[in-house]
Amino acid sequence: MTRVAILISGGGSNMVKLVESMTGDHPARPVLVASNDPTAGGLVKARDMGLETAAADHRAHESREAFEAILQEALEDAGVDLVALAGFMRVLTPGFVSAWKGRMLNIHPSLLPKYRGLNTHARAIEAGDTEAGCTVHEVVADLDAGRILGQARVSVLEGDTPDTLSERVLSREHELYPLVLRRFVEGERSPLLI
Ligand code: GAR
């Protein structure tokens, strides 16, 4: 059984979908939900689902490395095999990323390689794109640049704002991430396009 940690910074809607998916004959189980923000709403949701949680406020640590050392300890204590970033908004250092090489996934709200980084929906609308979406990828030291494991597309509609577009993309994220996580645990590395 693959032991999965989910890292969040906010509301954790993707985390909830991942947790809900890991039941029955699924080859993975969630063992920890961790956050860099002790007030993240998703931590409450995780506890309500009976999961172990950990929070380390990144602002209370003098360096990224000091914060990541706490995180690493929590992951090791929980015997984690695989890390799923789900709305985790801290950039991780190359050292941390290399410790989890091939064992850390992220969901990003754009059709990578377009729009790495922040404000993806505003940038897609601004560019006049007719399609937007989300991508699950392996995490590498370069931001949002790892191997693409799955993508879901939506149309950009006339009059879309970053908020309306992000709402539609988020509901596709909820479909995509559980599918890709399961395939990944089962050893599949080809991209899933939905
Ligand atoms: C999601 O849209 C996710 O793709 C995005 O944050 C949101 C988290 O929502 N992640 C990033 O922008 C990472 N760079 P959630 O907390 O409800 O899952």
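Residues numbered from 1 in each chain as written. Predicted model: local features only at pLDDT ≥ 70, side-chain atom pairs only at ≥ 80, totals over all residues. Heavy atoms only, no water.

### Focus on unusual backbone geometry
Most peptide bonds take the trans configuration, and most residues that are not glycine carry a negative phi.
Stage number 1. With omega at 15°, the peptide bond leading from L112 into P113 counts as cis.
Stage number 2. Counting through the fold element by element, P113 comes out in the loop between β5 (104-108) and α5 (120-126).
Stage number 3. Positive phi, normally seen in glycine, also occurs at Y115, with a value near 60°.
Stage number 4. Within the element layout of this structure, Y115 appears in the loop between β5 and α5. (Helix = DSSP H or I, 4+ residues; strand = E, 2+ residues; numbered from the N terminus.)

### A short note on the nonpolar core
Stage number 1. Among the nonpolar cores identified, the biggest contains 35 residues, and I6, M15, V33 and Y177 are the most heavily contacted of them.
Stage number 2. Top contributing element to this core by residue count: helix α6 (residues 162-185), with 8 residues.
Stage number 3. Setting aside its immediate chain neighbours within four residues, M15 contacts I6, I8, V33, G42, K45, A46, M49 and A86.
Stage number 4. Within the second largest apolar cluster, 21 residues are counted, among which are V31, V83, L92 and W100. (Core = buried A, V, L, I, M, F, W, Y, C linked by side-chain atoms within 4.5 Å. Buried < 20%, exposed > 50% of the residue type's maximum accessible area, 1.4 Å probe, protein only. Contact = heavy atoms within 4.5 Å.)

### A closer look at the site of the ligand
Stage number 1. Surveying the vicinity of the ligand reveals the residues G11, G12, S13, N14, G87, M89, I107, H108, P109, L170 and E173.
Stage number 2. The backbone of G12 places a nitrogen or oxygen atom 2.8 Å from an oxygen atom of the ligand.
Stage number 3. Between the ligand and the protein, one listed contact pairs an oxygen atom with a side-chain N or O atom of S13 at 2.5 Å.
Stage number 4. Here the ligand loses 81% of its free accessible area of 450 Å² to cover by the protein chains.
Stage number 5. For the shell around the ligand, the secondary-structure elements that each account for two or more residues are α1 (13-21), β5 and α6.
Stage number 6. Grouping the amino acids of the shell around the ligand by side-chain chemistry returns 4 nonpolar, 6 polar and 1 charged.
Stage number 7. Shared between two domains, the shell around the ligand holds at least three residues of each, these being domain 1 (1-100) and domain 2 (107-194). (Near = heavy atom within 4 Å. Polar contact = N/O pair within 3.5 Å; in protein donor to acceptor, adjacent residues only side chain to side chain. Areas by Shrake-Rupley, 256 points an atom, 1.4 Å probe, with all protein chains shown as cover. Nonpolar A, V, L, I, M, F, W, Y, C, P; charged D, E, K, R; others polar. Domains from an automatic or database assignment.)

### Observations regarding the UniProt feature "active site" (unreviewed entry) in the protein
Stage number 1. If you check UniProt for "active site" (unreviewed entry), the listed places come out as H108 in our numbering.
Stage number 2. Its location among the elements puts H108 in strand β5.
Stage number 3. In this structure H108 comes out as buried when scored by relative accessible area, which is 4%.
Stage number 4. With residues up to four places along the chain from it excluded, the contact list for H108 reads Y115, R116, G117, T120, G133, C134, T135, H137 and D144. (UniProt positions renumbered as here; feature names shortened; annotations may be inferred.)

### A word on the sheet that holds strand β7 (residues 148-155)
Stage number 1. One open sheet accounts for 8 strands, arranged β3-β2-β1-β4-β5-β6-β7-β8; its pairing is mixed. The two strands at the open ends of the sheet, each matched to only one other strand, are β3 (53-55) and β8 (192-193).
Stage number 2. Its contacts with the sheet put α1 on β1 (2-8), β2 (28-35), β4 (82-85) and β5, and the angle it makes with β1 is roughly 165°.
Stage number 3. Sitting on the sheet, α6 touches β1, β2, β4, β5, β6 (131-138), β7 and β8, and the angle it makes with β7 is about 155°. (Pairing = 2+ DSSP bridges. Axes fitted to C-alpha atoms, helices over the stretch in contact; angles between N-to-C directions.)

### Observations concerning the packing of aromatic side chains
Stage number 1. According to the stated counting rule, one finds 0 aromatic pairs in the structure shown.
Stage number 2. One residue, R189, lies across the ring of F184, its end atom 3.6 Å from the ring centre. (Phe/Tyr/Trp six-rings, centres within 6.5 Å; stacked < 30°, edge-to-face > 60°. Lys NZ or Arg CZ within 6 Å of the ring centre and 35° of its normal.)

### Notes on the domain arrangement of the protein
Stage number 1. Under the domain assignment, the protein is made up of domain 1 (1-100) and domain 2 (107-194).
Stage number 2. Relative to domain 2, the C-alpha centre of domain 1 lies at a distance of 20 Å.
Stage number 3. Taken together, the 19 residues of domain 1 in the interface contact 16 residues of domain 2.
Stage number 4. Counting the surface lost from both domain 1 and domain 2, the interface buries some 1,500 Å², and carbon and sulfur atoms represent 72% of this.
Stage number 5. It is N14, L18 and V97 in domain 1 that bury the most area against domain 2; as a group they hold 28% of the surface buried on that side.
Stage number 6. Linking domain 1 to domain 2 there are 1 salt bridge.
Stage number 7. In this structure, the salt-bridge partner of R182 is D25, at a minimum N-O distance of 3.2 Å.
Stage number 8. Elements represented by at least two residues in the side of domain 1 that touches domain 2 include exactly α1, β4 and α4 (94-99). (Buried area = accessible area lost by both parts, 1.4 Å probe. Salt bridge = Lys/Arg side-chain N within 4 Å of Asp/Glu carboxyl O.)

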